[in-house]
Amino acid sequence: MDFFIIIVCLLLLIILISYFKIDTFLGFIMVSILAAIWLGIPFKNIPKVIDKGIGDVLGDLTLVIVLGAMLGKLVAVSGGAKKIADVMVGIFGTKRIQWGLMVTGFIVGIPLFYGIGFILLVPIIFSVAYQYKLSAVYIGLPMLTSLSVAHGFLPPHPSPVALISIFKADMGRTLILGILIALPTIIIAGPLFSRTLKNIKAGPMKFFEAEQIDSRYSVPGKLNSFITATLPVFLLIIFTVVQNVPMKGSNINNVFSFIGAPSIVMFSVIVVATYTLGIKQGRSMSEVMGIYGDAAKDITGILLIIAGSGIFKNVMETSGVSKELALTMKNLPIPPLVLGWMIAGILRACIGSATVAALTAAGIILPLAIDSGVDPSLMTLSIGSGSLMFSHINDSGFWLFKEYFNLNIKDTLRSWTLMETIISVIGLAGVLILNEVL
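Rules of the game
- Residues numbered from 1 in each chain as written.
- Predicted model: local features only at pLDDT ≥ 70, side-chain atom pairs only at ≥ 80, totals over all residues.
- Heavy atoms only, no water.
- Helix = DSSP H or I, 4+ residues; strand = E, 2+ residues; numbered from the N terminus.
- Rg over C-alpha atoms; globule rule 2.2 N^0.38 Å.
- Buried < 20%, exposed > 50% of the residue type's maximum accessible area, 1.4 Å probe, protein only.
- Contact = heavy atoms within 4.5 Å.
- Salt bridge = Lys/Arg side-chain N within 4 Å of Asp/Glu carboxyl O.
- Expected span 1.5 Å × (residues − 1).
- Polar contact = N/O pair within 3.5 Å; in protein donor to acceptor, adjacent residues only side chain to side chain.
- Phe/Tyr/Trp six-rings, centres within 6.5 Å; stacked < 30°, edge-to-face > 60°.
- Arc of directions from axis to C-beta.
- Axes fitted to C-alpha atoms, helices over the stretch in contact; angles between N-to-C directions.
- Parallel < 35°, antiparallel > 145°, perpendicular 65-115°, else oblique.
- Left-handed = near helix turned anticlockwise from the far one by under 90°.
- Nonpolar A, V, L, I, M, F, W, Y, C, P; charged D, E, K, R; others polar.
- Core = buried A, V, L, I, M, F, W, Y, C linked by side-chain atoms within 4.5 Å.
- 1 Å grid on protein atoms, 1.4 Å probe; cavity = no way out; pocket = protein on both sides within 12 Å on 5 of 7 lines; lining within 4 Å.
- Points joined across faces, edges and corners; volume = space filled by probe spheres on them.
- pLDDT = per-residue confidence, 0-100.

Comments concerning the overall build of the protein chain
For the protein chain, the count of helices and strands is 20 helices and zero strands. Compactness check: the protein chain gives a C-alpha radius of gyration of 22 Å against a globular reference of 22 Å for 438 residues, within 12% of the reference. Taken over the C-alpha atoms alone, the protein chain extends approximately 65 × 60 × 45 Å along its principal axes. Per-residue burial over the protein chain gives 56% buried out of 438 residues. Taking as baseline every contact in the protein chain between residues at least 6 positions apart, the subset at least 24 positions apart corresponds to 81%.

This is how it looks when you write it as structure tokens:
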């Protein structure tokens, strides 16, 4: 009966979000309260369950996500992202233009959230397509593949950071493993797959234009743009490696544990970026803080979605359904990594939102992941891969791609949807290979 209740609640969540267009956060609250009542949690305890669910999931990830949003916003507004794109196009030349745009998407995609990166880079795709008389879909899909993979696999993006928190994974290790899986995934779903799309013709809608860089300020240089945009990645990798090297003296270990913590790393990068991409380029401190304020507003919706998923997860844990579900799933002839990927993929197809699909799947699979002793970093990446599966008409990313490239539904499914599905499948394959090797 408890399983039936959870299935009904998940279906209700999908209907509320997809059909009735209820805000995702409010949908989570409604469904969580209904589930709590139905599962027998005392009325007086339900508010505490809601509060604890929000606190548990947001407690150690809010800072990383918000600071990541601030860095991405500053990289975009300062012109650093466009500088990186221009350099990459120049380095790779016309014959390898796909690879140049792919690398650009990966570098820019690390600090920028998907929507911002998409809007910022699409005009570059069309300018290159017009200049060299190439198909915009053919040369642009590798760049968007990189953005999508970064969004699903790599911190400081919200979904991976939230999954890392839920599964108690190490962020630096997850980042390293995520990059190992991301690189072949991007190549297969990007330049190789897009060779089949040369005949798809696209034309941008005229009213879609990227935000212009303010001419009052100087644009950061090549080295400045590259170093600042990728600094969080390098610092997290360096400190992860250093912390695994035996050292004499507990004080040294304590220092590296402090400065290598993801929140401290992100804060340190923000301090650096405030000067390198802000003050140094002629902006006042108040103007830079204004950019950060806008970024914090932009990320509020995502934080609320994460909070909502935390409420539902805590209802399942408090009611005991999570343990029952774990015991049932444990007997299924499906490895936990594959099962987590499947659940995320099914939810993604039903709901549309990769973030909602990933976090909901994490709440369902968490007890099984703990009992089975599966690598938490690989579980994070498995669910992240599953959450990108089969993007179609209920996903805003599907329509963003369709409208910007002015495609029909058939060509959008053939290009965008298939690309996202390839990412998901190759991502799972990479997770399973690493699971055998590690």
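A closer look at the pattern of salt bridges
Going through the model one piece at a time under the given rule, you end up with four salt bridges. Close ionic contact of glutamate 420 with arginine 348 constitutes a salt bridge, the shortest N to O distance being 3.0 Å. Taken together, the residues glutamate 420 in helix H20 (residues 409–437) and arginine 348 in helix H16 (residues 336–351) connect sequence positions 72 residues apart. Across this residue pair, the class does not change: glutamate 420 and arginine 348 are buried.

Quick notes on helix H1 (residues 2–18)
The end-to-end C-alpha distance of H1, which contains 17 residues, comes to 24 Å, matching closely the 24 Å that a straight helix rising 1.5 Å per residue would cover. Buried within H1 are the following residues: Ile5, Ile6, Cys9, Leu10, Leu13, Ile14, Leu16 and Ile17.

Topic: the environment of arginine 348
Exposure remark for arginine 348: the relative accessible area of 4% places this residue in the buried category. Counting along the chain gives 306 residues from arginine 348 to proline 42, while the straight-line C-alpha distance between them is 32 Å. Within the structure, the side chain of arginine 348 is placed 3.3 Å from the backbone oxygen of methionine 389, a separation counted as a polar contact.

With respect to the packing of aromatic side chains
For the structure on display, the rule yields four aromatic pairs. Here the aromatic rings of tyrosine 19 and phenylalanine 20 are separated by 4.9 Å at their centres, their planes lie at 90 degrees, and the arrangement is edge-to-face. Judged by its relative accessible area of 53%, phenylalanine 20 falls in the exposed class. On the numbers, 5.3 Å between centres and 25 degrees between planes, the contact of phenylalanine 401 with tryptophan 416 is stacked. Of this pair, phenylalanine 401 sits in helix H19 (residues 396–405) while tryptophan 416 is found in helix H20, placing the two residues 15 residues apart along the sequence. What links up through ring pairs into an aromatic cluster is the set Phe401, Phe405 and Trp416.

Points about helix H2 (residues 24–38)
Helix length check: H2, at 15 residues, gives a terminal C-alpha distance of 21 Å against a target of 21 Å (1.5 Å per residue), a fit within 8%. Residues of H2 that are buried include every one of Thr24, Phe25, Gly27, Phe28, Val31, Ser32, Ala35 and Ala36, and no others. End-on view of H2: buried residues confined to an arc of 155 degrees, all on one side of the axis. Its side-chain oxygen 3.1 Å from the backbone nitrogen of phenylalanine 25, aspartate 23 forms the N-cap of H2.

Section: the packing of helix H4 (residues 62–78) against helix H14 (residues 285–319)
Their axes nearest at 8 Å, the elements H4 and H14 cross at an angle of 135 degrees. Taken together, the axis directions place H4 and H14 in an arrangement best described as oblique. As H4 runs across H14, the sense of the crossing is right-handed. Where H4 approaches H14, its residues Thr62, Ile65, Val66, Ala69, Met70, Lys73, Leu74 and Val77 are matched on the opposing element by Ile291, Tyr292, Asp294, Ala295, Ala296, Asp298, Ile299, Leu303 and Ile306. Residues belonging to the contact of H4 with H14 are distributed by class as follows: 13 nonpolar, one polar and three charged.

Concerning the side chain of threonine 228
Structurally, threonine 228 can be placed in helix H11 (residues 222–243). Residue classification places threonine 228 among the buried positions, given a relative accessible area of 2%. Side-chain polar atoms of threonine 228 contact the backbone oxygen of asparagine 224, separated by 2.9 Å. Here threonine 276 takes part through its side chain, which lies 3.2 Å from a polar atom of the side chain of threonine 228. When near neighbours in sequence (up to four residues on either side) are disregarded, threonine 228 contacts Leu71, Val269, Ala273, Thr276 and Leu277.

What to know about the nonpolar core
Counting 145 residues, the largest nonpolar core has Phe153, Phe167, Phe312, Ile383, Phe401 and Phe405 as its most contacted members. Setting aside residues no more than four positions away along its own chain, phenylalanine 312 makes contact with Ile6, Cys9, Leu10, Phe28, Val31, Ser32 and Ala35.

Some remarks on the layout of surface pockets
Of the voids in this model, the largest pocket is the one considered here, and its volume is about 850 Å³. Contributing to the lining of the largest pocket are 33 residues, with Ser353, Thr355, Asp395, Ser396 and Gly397 lying nearest its centre. Counting residues per element, the lining of the largest pocket draws most heavily on H14, at five residues.

Quick look at the confidence of the model for the protein chain
On average, residues of the protein chain carry a pLDDT of 85, and 93% of them reach 70 or more. Taken element by element, the protein chain is modelled with least confidence in helix H15 (residues 321–330), mean pLDDT 69, and with most confidence in helix H18 (residues 376–386), mean pLDDT 96. Long-range and interchain partners of residues 205–210, a stretch whose pLDDT sits below 50, account for eight contacts in this model, where long-range means more than four residues apart.

Points about the environment of isoleucine 343
Within the element layout of this structure, isoleucine 343 appears in helix H16. The class of isoleucine 343 is buried, set by a relative accessible area of 16%. Between the C-alpha atoms of isoleucine 343 and threonine 328, which are 15 residues apart in sequence, the distance is 14 Å.

Examining the environment of valine 425
Inspection of the secondary structure assignment puts valine 425 in helix H20. Not counting the four nearest positions on each side in its chain, valine 425 is found in contact with Trp341 and Met389.

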